[in-house]
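Spelled out from the first residue to the last, the chains are:
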Amino acid sequence: MSKYWSPAIRQLTPYVPGEQPKVDNLIKLNTNENPYPPSPRVVEAINNYPKDRLRLYCDPDATALKQSLANHFQLHYNNVFVGNGSDEVLALAFMAFFRQEKPLLLPETTYSFYDVYCKLYDIEYRQIPLTDDFEINFTDYDQPNGGIIFANPNAPTGRQTALHEIETLLLKNRESLVIVDEAYIDFGGSSAVELIHNYDNVLVIQTFSKSRSLAGLRIGFALGHEDLIAGLERVKNSFNSYPLDSLAIVGAVAALEDVDYFNETNQKIIDCRDWTTAQLEQLGFRVIPSKTNFVFTCHQSISGAELMQYLRSNNLLVRHFSKPGIENFLRITIGTAAEMQTLIETLKQHPQI
Ligand SMILES: *Cc1c(COP(=O)(O)O)cnc(C)c1O
């Protein structure tokens, strides 16, 4: 704390990302990174980039990437916005759309960055509990609001909400914007992107961090009606003209082109997730059905905090949230088949399992 901090900054509770350990003997299953390297085409594109051009500013509009994304999703160029990771896209979207008179509605258990942005921008918000099975029940969202945001599939639960339910929500909320954070959509979920053609009140946000193995390159994007994109551009151009650097732009374009690699690595993760789920269930764990690259799970008799510590002492890093209601759950990222075998073998050696 310093007397020079702005008063509003003194009240903030910043988001705490999962640990990035400084030692490398750990099996890292705590931040939902992809266990596979990025496509070889990404590496090649970055290697081939003429490094003397780093002297110049990058394209402030990231035109090549926006055009690739538009082609990929069969949308127009002006339906696409890109940013430095989807966290930045979300931050700009909260600023652009959610500073309204009425409160923002969001699930009580969801990506914990959302309420951090609300506090940063002084946005009033209402957290709506999930069902006992960790599902989002949109009938609870039938109330005056200045916007709605949720992740689909949701994090850290991994559960998917059906597309027809999202469409009903859009129909019931014609006066407010609904943001669907699809960070994990490529692991078997159904994307709301198709709804963009019929609804101007939906913004879909995705990332290259998980399904495209590029968390370190920082690329996120939003898809929606052109007037929504124009709102995001206004905020972006009042904040940072060059959110994506030259290497990120060429890397992202190359990643999008390698469809086979994308399908192959994601299928491996989906298969391994389903194997891990079955194994955990055999060991007495409850596993919430996941459409993501992680599982959300709790054991019938051992606490989440204790299990996290036990795994850590065996060089396995997983995520534990001390939030009431989910304090006995662990969020475990799906790694390679060998890593998940190590996890299961380690759990089997716990005296109470
Ligand atoms: C990982 C994640 C993000 C952030 O992704 P970046 O593109 O790396 O900033 C956003 N939303 C959810 C739900 C996530 O899990």
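Presented here is an overview of the structure given in this document.

Analysis parameters
Residues numbered from 1 in each chain as written. Predicted model: local features only at pLDDT ≥ 70, side-chain atom pairs only at ≥ 80, totals over all residues. Heavy atoms only, no water. Pairing = 2+ DSSP bridges. Helix = DSSP H or I, 4+ residues; strand = E, 2+ residues; numbered from the N terminus. Axes fitted to C-alpha atoms, helices over the stretch in contact; angles between N-to-C directions. Contact = heavy atoms within 4.5 Å. Buried < 20%, exposed > 50% of the residue type's maximum accessible area, 1.4 Å probe, protein only.

1. Remarks on the sheet that holds strand 11 (residues 316-320)
1) Next: Sheet architecture is open: five strands sit in the order 1-11-12-10-9, paired in mixed fashion. Two strands in the sheet have a free side with no partner beyond their single neighbour: strand 1 (27-29) and strand 9 (285-287). The average angle at which neighbouring strand axes cross in this sheet is 35°, direction not considered.
2) Next: In this structure, strand 10 (residues 294-299) lies alongside strand 12 (residues 329-333), joined through five bridges in antiparallel fashion. Residue pairing across strands places Cys-298 opposite Phe-329, the latter belonging to strand 12.
3) Next: Across the sheet, helix 10 (residues 304-313) touches strand 9, strand 10, strand 11 and strand 12, and the angle it forms with strand 11 is around 160°.

2. Here's the deal with unusual backbone geometry
1) Next: Of note, the amide linkage connecting Asn-152 to Pro-153 takes the cis form, showing an omega dihedral of -10°.
2) Next: With respect to the helices and strands, the residue Pro-153 is situated in the loop between strand 5 (147-151) and helix 6 (163-172).
3) Next: Here the amide bond leading from Ala-155 into Pro-156 is cis, since omega sits at 5°, within 30 degrees of zero.
4) Next: Tracing the chain through its elements places Pro-156 in the loop between strand 5 and helix 6.
5) Next: Here Gln-74, not a glycine, exhibits a phi torsion of approximately 50°, which is positive.
6) Next: By the element assignment, Gln-74 lies in the loop between helix 3 (63-72) and strand 2 (80-83).
7) Next: Among the residues examined, Gln-74 registers a relative accessible area of 68% and is labelled exposed.

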